[in-house]
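# Observations on the three-dimensional arrangement
Residue-level listing of the chains:
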Amino acid sequence: MIRKLCSGSGLGLGSRFGSIRLSQRFVFLIFLSALVTVCFGAIFFLPDSLRLRRFFLLSTEPQRTDIAGSGQGVGPRLAAASPHRQAEAHIRSLWRGKEDRLGKESLLDLIRQGVTEGGRRVTGDSESGAAVNGGPVEASNGHHPPSLEPRAQSTDQDVRSHREKVKEMMKFAWDNYRRYAWGTNELKPLSKNGHASGLFGGLLGATIVDSLDTLFIMGLQEEFREAREWVENNLDFNVNGEVSLFEVTIRFVGGLLSAYYLTGDELFKAKAIELGEKLLPDFNTPTGIPWALIKPSQWLVGRNWGWASGGSSILAEFGTLHLEFVHLSEVSGNPKFAEKVMAIRKVLNRLEKPHGLYPNYLSPVTGHWGQHHVSIGGLGDSFYEYLIKAWLMSDKTDEEAKTMYYEALQAIETNLVRKSASGLTYIAEWRGGILDHKMGHLACFSGGMLAMGADDAPADQSKHYMELAAEITVTCHESYKRSATKLGPEAFRFDGGADAVATRMNDKYYILRPEVVETYMHMWRFTHDPRYREWGWEAVQALEQHCRVDAGFSGIRDVYSNLPHHDDVQQSFFLAETLKYLYVLFSEDELLSPEHWVFNTEAHPLPVIRRNTQEQVITNDQ
C-alpha cells in the first residue's frame, strides 16, 4: 500500500510543474520532499515497526508473531524472544481449537516446523501492555486449558537478568545430568554418575520426567526434545523393585500430565494414563487407604514403610494424590481414578480428629489413627496443601475440600501456631498433646498455602490469613538469614535459647529444597511486595556460591559451615520445583497465573477444571 502510494504520487508532475508560481513551487517541493521521506522511511523501517505492520497487514495473510509482540516467527529466531513468552506462544497455539490443526499436532512437530500462533491476529498495543487476544481455547478432549495472556515485558533489567540467571542454572543442571547420568533417576554431580534413589525401585528417568514442564516453560526447546524422545522410547513402567506411590504420583504422573496440558502432546497423556492404571491396585485395602509401596512388576503387592507407626499409611502420602488422580479421570474419561481419592476423603471425614487435628499415621486395615503425631512439615504437609488446591482446581466448586481445609487450619492455628521470644511466628509439631517447638523446612510451604486460601476464608478472615502468611514467610527467611551459607536447615527450633536455627547436627543439612522459595513466589504474586523477589535473589546467590559444583548442583550437609561439605546429589525436585519457582518469581504474573493453574506439590502446573465447556478462557478478538 505504501509502496503504491509513493510510486503514484509523482504522476503528471512534469506537465504541471512549470505553470506554478515560485512561492507555490517552493511549498510544493517541501510537501513532495516530506512525502518522499515518509515513503522511503516506511519502506526501510516498516519491518521493525509493530504498529505499522499491524495496520498495513492484509487480512488474507495472517500475522505470525511471537508472544512478545515482535512480529517474528518463533522458528530460528526463538532465542531472541523472552523465554517464558516463547512457551506461552506455543501453549496458546497448541490449544487453539478443534478445527485448528495446531490443536492436533505434537509440540515436537510444531517446533520442528517453526510454527507459533497459527494465524492468530494481534490486537491492541503490546508495547504499552495490552494483551494479545485469541479465539476460544478448547482441547481435543473438550477441556479448556488456562489462559496465559501476557502483559508488556518488564522494564526492570534486574528482574529480567535474574530470570535469565535462573534459566542458565536450569540449563547447567540439565546439561550435566544429560552428560553424566542420562536415563538414571538423578545426578551425582561430584562423582559424575547416576544416583539410584530407593523411592523409585527400578523405575528410571525421574529427573527427565520431573523436568519436562520446566524445560518447556523456560523455552529450552532442544532440551525438551531430548526429554520427550527419552519418554517416548525409554520410559518403562514394567520394572522390578518397590516404588513409592506418593513419589511416583507427584513426580511421574504429575510431570506427564503437566507436559500434556502445556503441549497437547498425546504421548504424555497416554503415558500418564498407563502409569495411573498400574497404580490403582495399591488402593485395594480394607479401607481404600492405599499402601505406601507397590511393586511395578506385580502391581498387586503393597505394603507400608517398616518405620511407620504400627504399619500405618502416612497422611502426606495418601493425602497428596487428589490433584493428579482427578486429572487422570479428566483426561481418560474414566471416573475410577477420582473415585479412589474421594474414597480417602470419606474415611477421613468419618474419623474423629483429636482437637480437630489430623495425625500423621492411619492404618489402611483398621481405618484408625496410629501415633498421634501432627506436623505441618514432614509426614503431614502436602495433605493440607491439596485440600485448598482441590478447592481452587475445581473452579471453587469442591465445597468438601474447602470445608476440610478451613476447619483444619483453625485447629492448626489454635493448637500449633506460636510466637518465639523474639516475635517470630512458627508452626510447632504436636505429639499427643505435647508441643515440640521446631519447624521443618518442609513446613515453610505453608506461607504460600495461607496466601492461596486467604481470599476465600470464612468470617472475613482474609486479612488475618494474609498477615499470618507474611509472618510465617519472615520466619522461614530468618532461618536462611541466620546461617553462614544463607540457606535454610532441614529443621529449626524455638526453644532452649534457639530462635529459627538448627541445634542438632542431623537438622543442619540442605538438600536443594524448594519450600521457602515456593512461598516467596506465592507471596510475590499475591502482594507484589518487592522484598519477596529480593529474598528469592538472595537464595539464587546462595545456591550459586555454595551448591554449584563443577558438574551440577549438590546439597550441603551443614548450612552453618563456611566451607560446606556436599552430599553429592542433584535432586530431581531441584529442577522441577526450586528452579521453576524462582523462574516464576522473576516473571510476569500472567505466566502460570493462579487464576488458571494450580501447582501440584512437585510444582507441576495443572489447569483449573472449568465445568462450563462453553467458557472461553482467552478473550475473543473484538
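Preceding block: the structure.
One numbering rule holds for all chains: residues counted from 1, following each sequence as written. With the structure being a predicted model, the display of local features is reserved for residues of pLDDT at least 70 and the display and counting of side-chain atom pairs for 80 or more, all residues being used for whole-chain, interface and lining totals. Only heavy atoms go into the side-chain values, all of them from the structure, while hydrogens and water stay out.

### Topic: the state of the cysteines
- Cysteine sulfur atoms that come within 2.5 Å of each other are treated as a disulfide pair. Following the criterion strictly, the structure yields 1 disulfide and no others.
- Bridging C444 to C476, the disulfide has an S-S length of 2.1 Å. Residues C444 and C476 are joined by a disulfide whose S-S torsion is about -95°; by sign, that bridge is left-handed. Within this pair, whereas C444 is found in the loop between strand 13 (438-440) and helix 17 (446-453), its partner C476 is found in helix 18 (residues 462-481), the two being separated by 32 residues in sequence. Each helix is a run of H or I in the DSSP string that is no shorter than four residues. Each strand is a run of E no shorter than two, and both are numbered from the N terminus.

### Description of the packing of aromatic side chains
- Aromatic rings from Phe, Tyr and Trp, taking only the six-membered ring of Trp, are treated as a pair when their centres fall within 6.5 Å; an angle between ring planes under 30 degrees marks them as stacked, one over 60 as edge-to-face, and anything in between as tilted. Applying the stated criterion to the full structure yields 24 aromatic pairs.
- Seen from their ring centres, W174 and Y177 are 5.9 Å apart, and the 45° between their planes marks the pair as tilted. You can see W174 and its partner Y177 sitting in helix 7 (residues 157-180), 3 residues apart, about one turn around the helix.
- Ring plane angle 75° and centroid distance 4.9 Å describe the contact between Y405 and Y406, whose orientation is recorded as edge-to-face. Of the two residues examined, Y405 and Y406, each falls in the buried class.
- Joined through ring pairs, the aromatic side chains of Y358, W369, F383 and Y384 make up one cluster.
- Lysine NZ or arginine CZ positioned within 6 Å of the ring centre and within 35 degrees of the ring normal marks a charge as sitting over the ring. In this arrangement the basic side chain of R548 is found over the ring face of F172, its NZ or CZ atom lying 3.8 Å from the centre. Buried means the residue's accessible area, taken with a 1.4 Å probe over protein chains only, is under 20% of the maximum for its type, while exposed means over 50%, and partly exposed covers the values in between.

### Quick look at the side chain of N360
- Note that N360 resides in the loop between helix 14 (336-350) and strand 7 (361-362).
- Residue classification places N360 among the buried residues on the basis of a relative accessible area of 0%.
- Discounting residues that sit within four places of it in the chain, N360 has contacts with S313, I314, L315, H373, V374, S375, G378, L379 and G380. Here, residues are in contact when the closest pair of their heavy atoms is within 4.5 Å.

### A few points about the sheet that holds strand 8 (residues 373-374)
- Spatially, the 3 strands line up as an open sheet ordered 8-11-12, and their pairing is antiparallel. Across the chains shown, the open sheet's two edge strands, defined by having one partner strand only, are strand 8 and strand 12 (434-436).
- Two strands pair under a simple rule: DSSP has to find at least two bridges between them. Pairing between strand 11 (residues 429-431) and strand 12: 3 bridges, direction antiparallel. Residue pairing across strands places R431 opposite I434, the latter belonging to strand 12.

### Quick notes on the nonpolar core
- Core analysis: the biggest nonpolar cluster contains 154 residues, and V231 and Y384 have the highest contact counts within it.
- Counting residues per element, this core draws most heavily on helix 10 (residues 245-263), at 12 residues.
- By nonpolar core we mean a set of buried residues, namely Ala, Val, Leu, Ile, Met, Phe, Trp, Tyr and Cys, connected to one another through side-chain atoms within 4.5 Å. Listed in part, the 6 residues of the second largest apolar core include A292, L293, W305 and A308.

### Here's the deal with the sheet that holds strand 3 (residues 243-244)
- With antiparallel pairing, 3 strands are arranged side by side in an open sheet as 3-4-5. Only two strands of the sheet have a single partner each, and these edge strands are strand 3 and strand 5 (302-303).
- One ladder, built from 2 bridges, connects strand 3 with strand 4 (residues 293-294); its direction is antiparallel. In the sheet register, S244 faces strand 4, and the bridge partner there is L293.

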